[in-house]
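# Structural overview for review
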Amino acid sequence: MEMNNTDNNMVVCDNLVKIYKTKDIEVLALQGLELTIKAGELTAIIGTSGSGKSTFLNMIGGLDRPSAGKLYVDGKDLFKLNEKELVEYKRSTVGFVWQNNARNLFPYLTSLENVMTPMLFTKEKEKRERALQLLDLVGMSHKKNSRLNQMSGGEQQRIAIAIALSNNPKLLLADEPTGSVDSKTADYLLNIFRKLNEELGLTIIIVTHDNSLSKKVNRVVALRDGKTSSERIMKTDYISRLKDINIDWLEEETQEEYAVLDKSGRIQIPRDILNALEMDGNKVKLELVDGKIIIEKP
């Protein structure tokens, strides 16, 4: 059931496959995904619709069963967990923040009651103390007695983060957490994630369409067609300037982009490069020149 976790990996995907089957059709959502996320990393996952990023998040969250390959989270083999173990995994290993606040919050409860609801502690006093600490952590102590309709979208998301942390998970998963808020609020939410990552050592995976948000994260993994196609790593000189309001995140190249080589030695060539080559077949000419690989149309 457990794997050796001494290498400090929180998530290990090896040749991960997910097939959705209906009566008429078979959809390959993940087709041999290879990805490792270390404990304590703050990682963004990006990709167009159908790239497999939401499927990947659901696999790690224990909400969907993988079809083939290997998937370990915090040393646990997710292929081998039975239903009871899966419930315990979802309760104690992962916390989830959804884009849709209706999935995060009970509208008829106060913020404080919402954060207390999932807690496993038996004593009410312990739950209350923990909930107050978490509301303070996300800057929402002043709204502890407010209900859903008395808060903005950004405030609701901050409560959702507190709820996701209520059982002290090792891994926080956020699905488009800035999808329905303005850019200023999105910045504030990202700062909360960064604070949780730095101060608590929490491993955080954010799935996002938000290009400006993804540029402010140290590591960005791009999925295409159910595989890892590229990674962006923040340049050293930008890491210390993350909160600098003068950086134009959409204009400046804050990250280095790398194509990802899979275990079979394959890389995905981005569509815009193939279009520029005016490719009309499936063959390319490869040549090694002065330590560089040249790719040409035959």
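### So, the overall build of the protein
- Tallying secondary structure elements over the protein gives ten helices and 13 strands in all.
- Relative to the globule expectation of 19 Å for 298 residues, the C-alpha radius of gyration of the protein, 21 Å, shows essentially globular dimensions.
- Principal-axis analysis of the C-alpha atoms places the extent of the protein at approximately 70 × 50 × 40 Å.
- Counting every position in the protein, which comprises 298 residues, the buried fraction comes to 45%.
- A fraction of 64% describes how many contacts in the protein between residues 6 or more apart in sequence connect residues 24 or more apart.

### Concerning the sheet that holds strand β7 (residues 171–175)
- A sheet is described by the order of its strands in space; here seven strands give the open sequence β6-β7-β8-β3-β9-β10-β11, paired in mixed fashion. If you trace the sheet from one side to the other, it starts and ends with β6 (94–97) and β11 (255–259), each paired once. Recorded for the sheet is a direction-independent mean angle of 20 degrees between the axes of neighbouring strands.
- Where strand β10 (residues 227–234) and β11 come together, five bridges link them in antiparallel fashion. Within β11, the residue paired with Met-234 across the bridge is Gln-255.
- Lying on the sheet, helix α7 (residues 183–200) is in contact with β3 (42–46), β7 and β8 (203–207); it crosses β8 at an angle near 155 degrees.

### Quick notes on helix α1 (residues 53–60)
- Most of α1 is tucked away, with six of its eight residues classed as buried.
- Listed in full, the buried residues belonging to α1 are Lys-53, Thr-55, Phe-56, Leu-57, Met-59 and Ile-60.
- Just past α1, the residue Gly-62 takes up positive phi, approximately 75 degrees.

### As for the environment of Pro-270
- Among the secondary structure elements, Pro-270 is positioned in the loop between β11 and α10 (271–277).
- The exposure class assigned to Pro-270 is partly exposed, which follows from its relative accessible area of 27%.

### Considerations on the sheet that holds strand β4 (residues 68–73)
- Read from one edge of the open sheet, four strands run β2-β1-β4-β5, paired in antiparallel fashion. Bordering the open sheet on either side are β2 (26–38) and β5 (76–77), each of which pairs with just one other strand.
- With two bridges joining them, β4 and β5 adopt antiparallel strand pairing. Each residue of the ladder has a partner; that of Tyr-72, found in β5, is Asp-77.

### Some details on the pattern of salt bridges
- In total, this model carries 14 salt bridges according to the counting rule given.
- Of the charged contacts in the structure, one is a salt bridge between Glu-83 and Arg-65, with a shortest N-O distance of 3.3 Å. On the criterion of sequence distance, the pair formed by Glu-83 in helix α2 (residues 83–92) and Arg-65 in the loop between α1 and β4 is long-range, its members being 18 residues apart.
- With a relative accessible area of 55%, Glu-83 lands in the exposed category.
- We note a salt bridge from Lys-227 to Asp-262, for which the minimum N-O separation is 3.8 Å. Taken together, the positions of Lys-227 in strand β10 and Asp-262 in the loop between β11 and α10 put the pair 35 residues apart, joining distant regions of the chain.
- Exposure remark for Asp-262: the relative accessible area of 13% places this residue in the buried category.

### Topic: the side chain of Gln-156
- Relative to the helices and strands, Gln-156 resides in helix α6 (residues 153–164).
- Of note is the side chain of Gln-156, whose polar atom sits 3.1 Å from the backbone oxygen of Leu-148.

### Brief notes about the confidence of the model for the protein
- Residue-level pLDDT values for the protein average 86, and 96% of them are 70 or greater.
- Considering each helix and strand of the protein separately, the mean pLDDT is smallest for helix α3 (residues 101–104), with a value of 66, and largest for β8, with 95.
- Taken together, the stretch residues 1–6 has pLDDT below 50 and engages in 13 contacts with residues farther than four places along the chain or on a different chain.

### Description of unusual backbone geometry
- Although it is not a glycine, Asp-74 sits at a positive phi angle of roughly 55 degrees.
- You can see Asp-74 is positioned in the loop between β4 and β5.
- The exposure class of Asp-74 is buried, given its relative accessible area of 11%.
- We note that Asp-225 has phi near 55 degrees; this positive angle belongs to a residue other than glycine.
- Among the secondary structure elements, Asp-225 is positioned in the loop between β9 (219–224) and β10.

### Things to note about the pairing of strand β1 (residues 9–21)
- The sheet contact formed by β1 and β2 spans ten bridges and is antiparallel. When the bridges of β2 are listed, Val-17 appears paired with Gln-31.
- Between β1 and β2, which pair antiparallel and follow one another directly, the connecting turn spans four residues.
- Pairing geometry for β1 and β4, over five bridges, is antiparallel.

Rules behind the numbers
- Residues numbered from 1 in each chain as written.
- Predicted model: local features only at pLDDT ≥ 70, side-chain atom pairs only at ≥ 80, totals over all residues.
- Heavy atoms only, no water.
- Helix = DSSP H or I, 4+ residues; strand = E, 2+ residues; numbered from the N terminus.
- Rg over C-alpha atoms; globule rule 2.2 N^0.38 Å.
- Buried < 20%, exposed > 50% of the residue type's maximum accessible area, 1.4 Å probe, protein only.
- Contact = heavy atoms within 4.5 Å.
- Pairing = 2+ DSSP bridges.
- Axes fitted to C-alpha atoms, helices over the stretch in contact; angles between N-to-C directions.
- Salt bridge = Lys/Arg side-chain N within 4 Å of Asp/Glu carboxyl O.
- Polar contact = N/O pair within 3.5 Å; in protein donor to acceptor, adjacent residues only side chain to side chain.
- pLDDT = per-residue confidence, 0-100.

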